[in-house]
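# Descriptive structure summary
Chain by chain, the residues:
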Amino acid sequence: TPDLDNDGVLQIGVDVARFGDDQTVICARRGRKVYPLSKFRELDTMQVAGHVAEVIKTMKPRLVNIDVGAMGALREGVRRRCCVDAERVARRYWS
């Protein structure tokens, strides 16, 4: 029987909040296994980009899904912090 909790590609999801009561949440999952959530409050876009870039560098996900409202600025910030060109980031992490 396959291990359904570890089956599949590693994916990262990012729900970006701005200031106020909301939290920015970074979630990693592989198959049905969800890793502990990273939660942040009152971060600007570049600070969030730094956290996302660190998760990408550490975990090496195959796919990163980011809340569409923050996509452009956050993708540029992640690109800068991961030191890769924008096309590679778009092809590798965003579908």
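Residues numbered from 1 in each chain as written. Predicted model: local features only at pLDDT ≥ 70, side-chain atom pairs only at ≥ 80, totals over all residues. Heavy atoms only, no water.

### Some remarks on the overall build of the protein
This is how the line gets drawn: A helix here means a DSSP run of H or I that spans at least four residues, while a strand means a run of E at least two residues long, and both kinds are numbered starting from the N terminus. Between buried and exposed lies partly exposed: a residue is buried under 20% and exposed over 50% of the maximum accessible area for its type, with that area taken using a 1.4 Å probe on protein chains only. Only heavy atoms matter for contacts: two residues are in contact if any of them lie within 4.5 Å across the pair. The accessible surface values rely on the Shrake-Rupley method and a 1.4 Å probe; as for residues, cover is taken only from the protein chains in view.
Looking only at helices and strands, the protein features three helices and five strands. The linear arrangement of helices and strands in the protein, starting from the amino end, is β-β-β-β-α-β-α-α. Within the span of the protein, comprising 95 residues, buried residues form 34% of the whole. Considering only intrachain contacts with a sequence separation of at least 6, the fraction spanning at least 24 residues in the protein is 55%. In the structure as shown, the protein presents an accessible area of about 6000 Å², 48% of it carried by carbon and sulfur atoms.

### Considering the nonpolar core
Definition in use: By nonpolar core is meant a set of buried Ala, Val, Leu, Ile, Met, Phe, Trp, Tyr and Cys residues that side-chain atoms within 4.5 Å join together.
With 13 residues, the main nonpolar core has I12, V14, I26, V52 and V64 as its most contacted residues. Looking at this core, the elements with two or more residues in it are strand 1 (10-15), strand 2 (24-30), helix 1 (45-59) and strand 5 (63-66).

### Side note on a negative patch on the surface
The test is simple: Exposure above 30% relative accessible area and no salt bridge define the residues that can form patches, which grow by joining like charges within 9 Å and nonpolar side chains of Val, Leu, Ile, Met, Phe, Trp and Tyr within 5 Å. We define a salt bridge as a contact between a side-chain nitrogen of Lys or Arg and a carboxyl oxygen of Asp or Glu at a distance within 4 Å. Here Asp and Glu are counted as negative and Lys and Arg as positive; His is not counted, and neither are the chain ends. Here the site of a charge means atom NZ of a Lys, CZ of an Arg, CG of an Asp or CD of a Glu.
A cluster of acidic side chains, namely D15, D21, D22 and D67, defines a negative patch on the protein surface. With respect to the element layout, D15 can be found in strand 1.

### Description of the environment of K33
Relative to the elements of secondary structure, K33 occurs in strand 3 (residues 33-34). Once the C-alpha coordinates of K33 and G8 are considered, the two residues, 25 residues apart in sequence, prove to be 9.7 Å apart.

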